[in-house]
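Observations on the model geometry
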Amino acid sequence: MQTLLKDIRYGMRMLLRTPGFTFVAVLSLALGIGANSTVFSLLDAIRLRSLPIPNPQQLVDIATVAEDGEPHTDFSYPLYAGLRDHSTKLSGMVAYSETNLGLAVGDQTERIRGEFVSANYFPVLGVQPAVGVAFNPEDEQIGAARGAVISYPLWNRLLGGESSVIGKSITLNGRTFSVLGVAPRGFTGLIRGLPTDVWLALPHQAEFEGNPKLLNTPTQSWLSLAGRLQPGVTMQQAQAELSALLPGFSQEAQESGKWSALLRPAAGGNDAYVSELSRPVTMLLIAVALILAIACANVASLMLSRAKVRARDIGVRLALGASRWRIIRQLLTESLMLAALGGMGGLLIAAWSSGLAGGLQTRAAGQLGIDASPNLRVLAFTSAVAVLTVLLFGVVPALSASRVDLVPLLKDSTGATARSNRRRPSLHSLLVVTQVTLSLILLVGAGLFIRSLWKLQSIDKGFAGENVVAMSLNMGLQGFDDKRGAQFYQSTLEALQSTPGIQSASLASALPVSAGGSRVSGPANTTKPAINEPYSVDMISIGPRFFETTGLPLLRGRDFGVVDTEKSEQVIIINESMARKFWPNTEALGQSFSDGHEEFRVVGIARDTKYRNLREAPRTTMYQPLTQSYRRGMTLLVKTNGAPKSIVPVVQARLRQLEPATTIFNVRTLVEHVGRSLYVEQMESTLLILFGLLALVLTAVGIYGVVAYSVAQRTREMGIRMALGAQRKDVLKLILRKGLTLIIWGGALGLVGCYWLSSLVSSQLYEINPFDPLTMTAVVGVLFLVALLASYIPARRATRVDPLVALRYE
């Protein structure tokens with residue numbers, strides 16, 4: 001221990017003696033380690049963190065797999081009850097359904113997150129309320145008293161954290177609920193990334209939807225399920241049992257005979273909304289690992305150069321009896337101190353950047369609520385990375401520095417010193433080649449993602465959308481019944497049509513390029529006209545002038561109007577794909593379509609557009625008039641004469657004249673809305689560009705350092721050459737050749753590495769070859785120019801050496 005303390009004190013003096021070296025080394029490591037810690041914190045938040053419940057590893061997510069092979073995560077209440085009551089492999093099974101709720105705060109309505117849950121939700125999860133109680137079995141009966149469990153943050157934010165909160169009333173969707181309890185701090189529900197504010201018992205969803213048969217109808221699937229494994233039971237055993245139980249409680253499973261249960265680990269909860277972030281975050285983790293390797297190569301180069309300066313000091317210590325291992329240990333101690341300082345800097349960067357996770361979005365959920373602040377797992381990861389950096393940048397320089405020829409070194413012979421260090425330029429060169437290789441891989445990856453993003457952004461979306469602002473409304477949050485909600489929407493459109501600055505206004509239950517929406521599907525030969533294959537049709541409720549407002553062309557037929565009422569003939573407008581699918585050889589306009597339950601008349605045909613995402617093939621879609629297919633949640637679309645955002649206050653004022661408590665949320669232009677669908681691609685491209693530029697800078701510094709080191713080593717040689725008649729341009733070419741050789745070797749190895757890269761990113765690119773020649777050429781060109789500039793600066797300095805001064809060098 002005493003020896004270690006001496007090494008630390010001596011190392012501290014040496015680092016303080018060279019503050020420039022220490023600052024550059026620590027900054028390089030802090031950037032590399034900080035980038036890794038930041039991305040790992042994000043990965044931990046969206047994938048690795050477990051729910052704050054007892055034995056979270058026992059929790060499983062429950063789905064079914066039908067004959068189409070796709071997992072289905074929604075269940076009817078009768079199916080849930082049957083599986084829950086007859087399963088012996090699960091100690092408990094819970095049902096839940098996430099939603100938005102309108103919380104009355106004064107004369108305004110605030111939109112909050114809610115979950116409708118089974119009465120056993122908290123006991124099965126092992127969650128004990130911090131204050132009060134949870135639900136009891138009677139709360140799962142139709143007509144049960146209105147009780148709510150609120151989250152810890154909501155309790156503090158709205159109710160001041162008072163223990164007397166139990167029994168107080170809150171108003172949700174226009175209905176009064178009594179607070180039963182408060183969830184413990186840190187528990188935010190089963191939906192990862194979407195913290196829950198209020199939990200209500202399942203029957204209240206039937207009440208909110210005005211559907212008292214919701215809990216008794218086996219054909220209405222609306223619940224997600226999770227279960228807790230019995231001790232000693234494997235997930236495969238529970239899955240086999242549930243698969244055997246399915247036909248007994250599902251008519252579809254009984255008829256097809258091809259249904260089976262699918263269980264997945266759910267220690268972190270339901271990851272449906274954050275799963276699409278796993279791929280880009282994993283990709284970014286690979287990128288920052290390459291950044292760390294480049295940073296370590298830079299610091300290793302600095303350590304090699306520093307070892308030359310300390311060669312005489314090390315030689316004296318060896319001559320006085322110090323063992324080679326003693327020297328190596330001292331140098332590794334200094335490396336460990338640098339890594340520790342870099343690790344602390346990295347943690348500070350990770351803590352500072354943790355707030356960036358609050359802006360993360362997904363196509364399905366919009367903005368997420370993710371806490372990516374560093375925790376013990378991140379601290380352990382950062383510590384492990386710091387130790388790894390010592391191995392990456394500290395070992396080779398330490399071994400090299402401890403291998404010296406004492407006799408010429410102690411004589412202070414210049415030529416001998418040069419001979420003793422003759423291997424070091426090769427180590428420098430190897431490190432720089434590594435930097436160039438990794439930088440090329442990173443820059444090519446960034447280039448490919450940018451080119452792919454450009455391709456996606458240039459896709460013909462099928463509609464114009466200029467000067468259109470969209471804002472979301474939900475009459476359910478106001479507590480409106482269907483009749484009152486329909487009247488409000490009609491009054492809204494009438495009020496806005498006469499507002500100055502507004503060209504047109506309409507409503508839609510789902511916008512183009514949205515992850516959500518409704519659809520009807522079924523087996524072959526169940527529609528009219530019949531088709532010999534299973535069908536699936538997206539359904540969108542819209543108001544009049546939707547096509548005019550969005551700029552989506554109505555190719556034939558008419559728009560919806562005042563003649564389309566609740567009591568008139570059911571009508572639809574279909575897109576081109578639906579027309580081709582159901583009427584391939586005849587005109588679809590005026591035809592009748594039936595999905596087996598309702599019959600509609602086709603009154604218009606609209607152009608195809610992108611419905612779920614920009615990569616998709618055209619989907620069969622039908623539009624229904626809002627008067628015949630009322631939806632509580634709608635998006636108001638307003639087309640303006642000028643800047644669309646400028647009309648938002650005017651629209652809000654008009655809506656509040658109609659209903660003072662109206663809640664407007666998710667305000668964006670239609671262009672912004674489409675851009676959000678590319679959020680993941682934009683995040684990948686932006687961060688990869690930043691990491692690629694950082695790698696390029698570090699590589700340029702590395703090339704500059706190795707060429708400058710070479711110039712310093714060969715100063716005497718340059719003086720002799722110039723004294724014998726060599727021209728400045730000859731010396732310049734000689735030095736530049738060194739840098740260009742490194743870039744050629746690094747570029748060649750980098751292109752080989754791009755073959756490995758192609759296997760990782762090929763499935764994520766859109767209409768771009770992983771070996772895209774334009775991207776490869778551009779990246780190699782940029783890297784070549786940067787390397788040439790980094791080599792030219794020290795080379796130009798070498799041409800200005802006075803031969804007489806050089807011959808007296810050292």
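Anyway, here's the lowdown on the structure attached to this text.

Conventions we followed
- Residues numbered from 1 in each chain as written.
- Predicted model: local features only at pLDDT ≥ 70, side-chain atom pairs only at ≥ 80, totals over all residues.
- Heavy atoms only, no water.
- Helix = DSSP H or I, 4+ residues; strand = E, 2+ residues; numbered from the N terminus.
- Buried < 20%, exposed > 50% of the residue type's maximum accessible area, 1.4 Å probe, protein only.
- Contact = heavy atoms within 4.5 Å.
- Polar contact = N/O pair within 3.5 Å; in protein donor to acceptor, adjacent residues only side chain to side chain.
- Phe/Tyr/Trp six-rings, centres within 6.5 Å; stacked < 30°, edge-to-face > 60°.
- Lys NZ or Arg CZ within 6 Å of the ring centre and 35° of its normal.
- Arc of directions from axis to C-beta.

Looking only at helices and strands, one finds 26 helices and 24 strands in the chain. Put simply, the chain has 810 residues, and 51% of those count as buried. In the chain, the share of contacts with a sequence separation of at least 24, taken over all contacts with a separation of at least 6, comes to 80%.

It is worth spelling out the environment of Glu548 at this point. Note on placement: Glu548 falls in helix H18 (residues 546-550). The exposure class of Glu548 is partly exposed, given its relative accessible area of 43%. The spatial distance from the C-alpha of Glu548 to the C-alpha of Ser504 is 7.5 Å, given a sequence separation of 44 residues. Residues within four places of Glu548 in sequence aside, it is in contact with Ser504 and Lys639. Of note is the side chain of Glu548, whose polar atom sits 2.8 Å from the side chain of Arg545.

According to the stated counting rule, one finds 20 aromatic pairs in the structure shown. Ring geometry for Tyr77 against Tyr80: centres 5.7 Å apart, planes inclined by 65 degrees, an arrangement best described as edge-to-face. Taken as a pair, Tyr77 and Tyr80 lie in helix H3 (residues 77-86) at a separation of three residues, close to a single helical turn. Judged on exposure class, the residue Tyr77 and its partner Tyr80 are both buried. When the ring of Phe177 is compared with that of Phe208, the centres are 6.0 Å apart and the planes differ by 90 degrees; the resulting orientation is edge-to-face. Here Phe177, found in strand E8 (residues 175-182), pairs with Phe208, found in helix H6 (residues 203-209); they are 31 residues apart in sequence, far enough to count as distant. According to the relative accessible area criterion, Phe177 is buried, its value standing at 1%. By the ring-pair criterion, three or more aromatic residues cluster together here, those being Tyr121, Phe122, Phe135, Phe187 and Trp199. The ring of Phe177 carries Arg146 above its face, with NZ or CZ at 6.0 Å from the centroid.

Turning to the environment of Asn769, a few remarks are in order. Among the secondary structure elements, Asn769 is positioned in the loop between helix H24 (728-761) and helix H25 (773-799). Residue classification places Asn769 among the partly exposed residues on the basis of a relative accessible area of 46%. Sequence separation between Asn769 and Ser452 is 317 residues, and the spatial gap between their C-alpha atoms is 9.4 Å. Reaching out from Asn769, the side chain makes a polar contact with the backbone nitrogen of Phe771 at a distance of 2.7 Å.

For helix H5 (residues 152-159), the full list of buried residues reads Tyr152, Leu154 and Trp155. All buried residues of H5 project into a common sector of 165 degrees when viewed along the axis, lining one side. Buried positions along H5 lie against strand E3 (90-105), strand E5 (131-132), strand E6 (147-150), E8 and strand E9 (198-201). Structurally, the start of H5 carries an N-cap: the backbone nitrogen of Leu154 is 3.3 Å from a side-chain oxygen of Ser151. Taken from the residues just after H5, Gly160 is the one with a positive phi, measuring 70 degrees.

These figures come from the coordinates and say nothing about function on their own.
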